Amino acid sequence: MTTTPSAPVSDGIPRWQEFMIPVLRVLSDGTARKRRDLITEVQDRVGLSAEQRSILLNSGQPKVENRVGWALSDLTTATAIQRPARATFEITELGRALLRDHPEGLDRNILATVDAYAAHQRTKAAEVPTAVATATEAVAEAPESMLSPEEQIEAGIELIHGDVGNNLIERLQASDPAFFEQAVVDLLLKMGYGGAEQRGKRIGGTGDGGVDGVIDQDPLGLDKVYIQAKRYADGNNIGRETVQAFVGALQGVGASKGVFITTSTFTAHAVGYANNVPSRVILIDGARLADLMIKYRVGVQVKESYDVVELDEDFFE
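What comes next is a walk through the structure. In this text the structure is predicted, and so the values were computed from the model without any measurement.

Before going further, it helps to spend a moment on a nonpolar patch on the surface. Among the surface-exposed residues, I153, I157 and V308 lie close enough to one another that they form a single nonpolar patch of about 250 Å² accessible area. On the secondary structure map, I153 appears in helix 9 (residues 149–173). Taking relative accessible area as the criterion, I153 reaches 42% and is therefore assigned partly exposed.

Structure, rendered in structure tokens:
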């Protein structure tokens, strides 16, 4: 099964470079502002909704705050704004000139014409290896350069996870049925099911009664979740009849909850049926299965990790 990173849904939030002019406009009245107040006023000026302001990056930081933060960073580097006090910003004469000459928008190409910014970029380039500098230059020239650095990292990780997810599903489809059944039991245990003693087992095989595994849902094992695992190839989708048979198997063991996992996907009729039966049946297709295995580190391992740091503005207040 081929899984690809989900296409980003347009949220209407300006790219980080598009926040530079709004920042200068807010500061153009000559009043210095604390960082938090400035970000709020910039959001007001741009007209962002409460929903847009609440959108978070994977790191947990508000997307708008991240993007305005990078705009502040580049404007400060270019000396278009300055810090008269801790975590406080005000516009400079250069900033007023940039606002006057480029009212429709600023970007790094325009800032590169400013001596202070150009000098900073040269210094930064000299401090990194040639290969890294070349890669950085390529990223800056790509359309994705309108994303903040954190967003570029997250987009890159999503691409890597998409490729790993494809490989995971291919390997599971080629595996022995018993291996796949045990893998999904292992996944649910990693997700926190199985109780205090992590009790879960594969029961697939002849005479399994239509279920492939069972796992405790609560610490004492008072409630159990039954599992059906279908290792199907791409295009061999799970239909309503197969899900209905699983629901019948649940009734046969006196259960009301089940998880149906496949390496392919489910038809619309199967999804509709599962949503409307009295039994609680969760359907997990190949794409979601790959995501969960990556998230809970089942069948994968961390190759490299990176620390992303930022200034602690509270420290400087």
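What follows continues from the structure just given.
So, on to the side chain of T92. Mapped onto the secondary structure, T92 falls in the loop between strand 3 (88–91) and helix 5 (93–101). Since its relative accessible area comes to 13%, T92 is described here as buried. Among the polar contacts made by the side chain of T92, one reaches the main-chain carbonyl oxygen of T79 at a distance of 2.7 Å. Once residues within four sequence positions are removed from consideration, T92 is found in contact with T79, A80, I81 and Q82.

Following the criterion strictly, the structure yields two aromatic pairs and no others. For the pair F246 and F260, a centre-to-centre distance of 5.5 Å together with 85° between the ring planes defines the contact as edge-to-face. Within this pair, whereas F246 is found in helix 11 (residues 240–252), its partner F260 is found in strand 7 (residues 257–262), the two being separated by 14 residues in sequence. Overall, the relative accessible area of 0% leaves F246 in the buried class. Between F260 and F266 the ring centres are 5.5 Å apart and the planes differ by 85°, which places this aromatic pair in the edge-to-face class. Ring pairs connect the aromatic residues F246, F260 and F266, which therefore count as one cluster.

If charged atoms from side chains of opposite charge come close, those side chains can pair. According to the stated counting rule, one finds eight salt bridges in the structure shown. Among the salt bridges present, the one from R96 reaches E93, with a minimum N-O distance of 3.9 Å. Taken together, the residues R96 and E93, both in helix 5 and three residues apart, mark about one turn of the helix. Its relative accessible area of 31% is what places R96 among the partly exposed residues. What makes E93 exposed here is its relative accessible area of 61%. The closest approach of N and O atoms between R202 and E181, which form a salt bridge, is 2.9 Å. Here R202, found in strand 4 (residues 200–202), pairs with E181, found in helix 10 (residues 177–190); they are 21 residues apart in sequence, far enough to count as distant. One continuous salt-bridge network, built from bridges that share partners, spans D29, R33 and E41.

Here the focus is the sheet that holds strand 7. Strands sit in the order 4-5-6-7-8 across an open sheet of five strands; the sheet is mixed. The sheet is open, and its two edges are formed by strand 4 and strand 8 (280–284), each paired on a single side. Going from strand to strand, the sheet's axes swing by 15° on average, the running direction of each strand aside. Pairing geometry for strand 4 and strand 5 (residues 213–216), over three bridges, is antiparallel. Bridge pairing links R202 to G213 in strand 5. Against the sheet, helix 11 touches strand 6 (224–230), strand 7 and strand 8, its axis set at about 145° to strand 7.

Before going further, it helps to examine the nonpolar core. Core analysis: the largest hydrophobic core is formed by 29 residues, its most contacted members being F19, V23, L24, L38, V68, L75 and L106. Listing elements by their share of this core, those giving two or more residues are helix 1 (20–27), helix 2 (35–46), helix 4 (63–77), strand 3, helix 5 and helix 6 (108–111). With residues near it in sequence (within four places) discarded, L24 still touches L75, A80, I81, I91, G95, L98, L99 and L106.

Let us look at the sheet that holds strand 2 (residues 81–82). One key point about sheets: their strands pair by backbone hydrogen bonds, in either a parallel or an antiparallel sense. Taken in spatial order, the three strands of this open sheet run 1-3-2, and their pairing is antiparallel. At either end of the open sheet lies a strand with only one pairing partner, and these are strand 1 (33–34) and strand 2.

As a further point, take helix 4. Along its 15 residues, helix 4 runs 21 Å from first to last C-alpha, staying within 8% of the 21 Å computed at 1.5 Å per residue. Taken across its 15 residues, helix 4 has eleven buried, putting it largely inside the fold. Listing the buried residues of helix 4 in full gives K63, V64, N66, R67, V68, G69, A71, L72, D74, L75 and T76. Just downstream of helix 4, T79 is the residue with a positive phi angle, here 65°.

How each quantity is defined
Position labels on residues start from 1 in each chain and follow its written sequence. Local features in this predicted model are restricted to residues whose pLDDT is 70 or higher, and side-chain atom pairs enter the listing and the counts only when it is 80 or higher, whereas totals over whole chains, interfaces and linings include all residues. Computation of side-chain values: all heavy atoms of the structure, hydrogens and water removed. The residues that make up patches have over 30% relative accessible area and no salt bridge, and they are joined within 9 Å when like-charged or within 5 Å when they are Val, Leu, Ile, Met, Phe, Trp or Tyr. Reported accessibility uses the Shrake-Rupley method at a 1.4 Å probe radius. Residues are deemed covered only where the shown protein chains occlude them. Should a side-chain nitrogen of Lys or Arg be within 4 Å of a carboxyl oxygen of Asp or Glu, the pair is scored as a salt bridge. A run of DSSP states H or I qualifies as a helix once it reaches four residues; a run of E qualifies as a strand once it reaches two. Both are numbered from the N-terminal end. Buried residues are those whose accessible area, probed at 1.4 Å on protein chains only, stays under 20% of the maximum for their type, while exposed residues exceed 50% and partly exposed ones sit between those limits. We call two N or O atoms a polar contact when they sit within 3.5 Å, provided that within protein one can donate a hydrogen and the other can accept it, with sequence-adjacent residues counted only if both atoms are side-chain atoms. Note on contacts: a residue pair qualifies if any of its non-hydrogen atoms lie within 4.5 Å across the two residues. Ring pairs are drawn from Phe, Tyr and Trp, using the six-membered ring of Trp, whenever the two centres fall within 6.5 Å, and their geometry is named by plane angle: stacked under 30 degrees, edge-to-face over 60, tilted for the rest. By the convention used here, strands pair only if DSSP detects at least 2 bridges between them. Inter-axis angles, ranging from 0 to 180 degrees, are taken between N-to-C directions of lines fitted to C-alpha atoms, where helices are fitted over the stretch in contact. Throughout, nonpolar core names a set of buried Ala, Val, Leu, Ile, Met, Phe, Trp, Tyr and Cys residues whose side chains join them through atoms within 4.5 Å. Given the number of residues in a helix, its expected span is that number minus one, multiplied by 1.5 Å.

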